[in-house]
Amino acid sequence: YRRERSLALRSSSSALYNNLAVLCPPCRAPAFGAVHGTTLSLLASEGPPRQLQARGGGSALSTPLLTQAAWCELPSRVLLVLTSQRGVQMYEADGSTMVFWHALDVPELPAAHSVFARGIAAVGGRFICVGEPRAWAGWWAWAGPAPADPPDPTGTSFGAVLVFDIPPKGTNVTLSEVLEQHQDPITDIAAERGQAPDGSGDLVTADDSGTLCLWSSGEEFTLLGKIPGSGCTCSSVALWNGIVAAGYGDGQIRLWEAGSGRIRAQVSAHARWIYALDLAPLTGKLLSGAEDSFVHVWKLSRNPDTDDIEMQHCHAECVTDTQVCGARFCDPAGDSFAVTGYDLSEILCYGPA
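Residues numbered from 1 in each chain as written. Predicted model: local features only at pLDDT ≥ 70, side-chain atom pairs only at ≥ 80, totals over all residues. Heavy atoms only, no water.

Going by an unreviewed UniProt entry, the protein chain carries the name WDR54 protein and comes from Loxia curvirostra.

Enquirer: In this structure, what is going on with the environment of His-313? I would like to understand it.
Expert: Among the secondary structure elements, His-313 is positioned in strand 25 (residues 309–318). Residue His-313 is classed as partly exposed on the basis of its relative accessible area, which comes to 37%. Spatially, the C-alpha atoms of His-313 and His-296 are 7.6 Å apart, while their sequence positions differ by 17 residues. Beyond its immediate stretch of four places on either side in the chain, His-313 contacts His-296, Val-297 and Trp-298. Reaching out from His-313, the side chain makes a polar contact with the side chain of His-296 at a distance of 2.9 Å. From its side chain, His-313 meets the backbone oxygen of His-315 in a polar contact 3.2 Å long. (Helix = DSSP H or I, 4+ residues; strand = E, 2+ residues; numbered from the N terminus. Buried < 20%, exposed > 50% of the residue type's maximum accessible area, 1.4 Å probe, protein only. Contact = heavy atoms within 4.5 Å. Polar contact = N/O pair within 3.5 Å; in protein donor to acceptor, adjacent residues only side chain to side chain.)

Enquirer: What am I meant to see in the sheet that holds strand 2 (residues 21–23) here?
Expert: In sheet architecture, strand pairing relies on hydrogen bonds along the backbone and comes in two forms, parallel and antiparallel. Ordered by their spatial adjacency, four strands build an open sheet running 2-3-4-5, and the pairing between neighbours is antiparallel. Looking at the sheet topology across the chains shown, the edges are occupied by strand 2 and strand 5 (50–53). Pairs of neighbouring strands in the sheet enclose a mean axial angle of 20°, with direction left out of account. (Pairing = 2+ DSSP bridges. Axes fitted to C-alpha atoms, helices over the stretch in contact; angles between N-to-C directions.)

Enquirer: Honestly, the pairing of strand 17 (residues 222–227) in this entry has me stumped. Any pointers?
Expert: Each regular strand displays side chains that alternate between the two surfaces of the sheet. Of the strand pairs in this sheet, strand 16 (residues 212–216) and strand 17 are connected by five bridges, and their pairing is antiparallel. Considered in strand 17, the bridge of Leu-212 is made with Ile-227. Connecting strand 16 to the next strand, strand 17, in antiparallel fashion are five residues.

Enquirer: Sorry if this is basic, but what is going on with the confidence of the model for the protein chain here?
Expert: The predicted structure's coordinates, where accompanied by low pLDDT, should not be read in detail. Taken over all residues, the pLDDT of the protein chain has a mean of 89, while the share at 70 or more is 88%. Contacts for the low-pLDDT stretch residues 150–156, under 50 throughout, to residues beyond four places or in other chains number 16 contacts. (pLDDT = per-residue confidence, 0-100.)

Enquirer: How should unusual backbone geometry be read in this particular structure?
Expert: Excluding glycine, a negative phi dihedral is what most residues carry, and trans is how most peptide bonds are arranged. Of note in the backbone geometry, Asn-241 takes a positive phi value of approximately 50° without being a glycine. Structurally, Asn-241 can be placed in the loop between strand 18 (234–240) and strand 19 (243–248).

Structure representation (structure tokens):
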């Protein structure tokens, strides 16, 4: 890969996990989005740059901070989804029209308790999943029915996953289900990007303790398995051909078998906290970016003779003096990628060498 160009942002990028959204429409240049504070900067191939504001505050002083943005591609439509401290916003793909707004259903908490939605993925052809915190125990009551597998009562919150049923058109979005298996706040959600083997599911959710939950989507989502965390945050996950790729705060990338939950590979990929992972569905290339200023490209594959999962290093790029906070491929084959960094007022683009 080689550096090609830079795209100027109206403001810099916040230090958030997975802080880069990329939409790759057929036969058109990609569109990009990066979060800064209360706004999302949008850069599209057609039209001038735009900014979307977080919703949910009564005044400019109380406007909530955005935590993530992502385009969700469904067979019938593409929606731009934003998460914040107050709720979930869904727009048409170009950001021109708001389709749906969902407020976080969280009771009043002490000022020191951080509340925000985070983790976005489209799955099953008609669903969009979003991570949401839920309060539990302590000095206040949890809002909603108690989960079947309650979290550790000594904690104050746990992570739930909201499942929204998206109509082929229109604004009749409904909350169809809430998935409650995480005892810590959700960090990331990923859907299958390839062909899932039987029994491996098509959705993975991650949390602050490093726990991963594997799900099968449908009219009712089914929990297929849970991979316990080791206390180290899993900041980003990806799912491809039944392989779960997870990036952690200790700089490691671990590959898990989605069907069995067995670990198949472990690589010390970065010297510091991993902030972003992305997978190219056509080739199995894996992109990772971290606080150590490096972006790496890897190649995942299965050995046809042994069915072992193999991981090969393909490329390393140093973004000098930059804390990388977003990294995404710009095409399904992984021939190009883009990078954002904390306090960096541009998106850096890389293409074939």
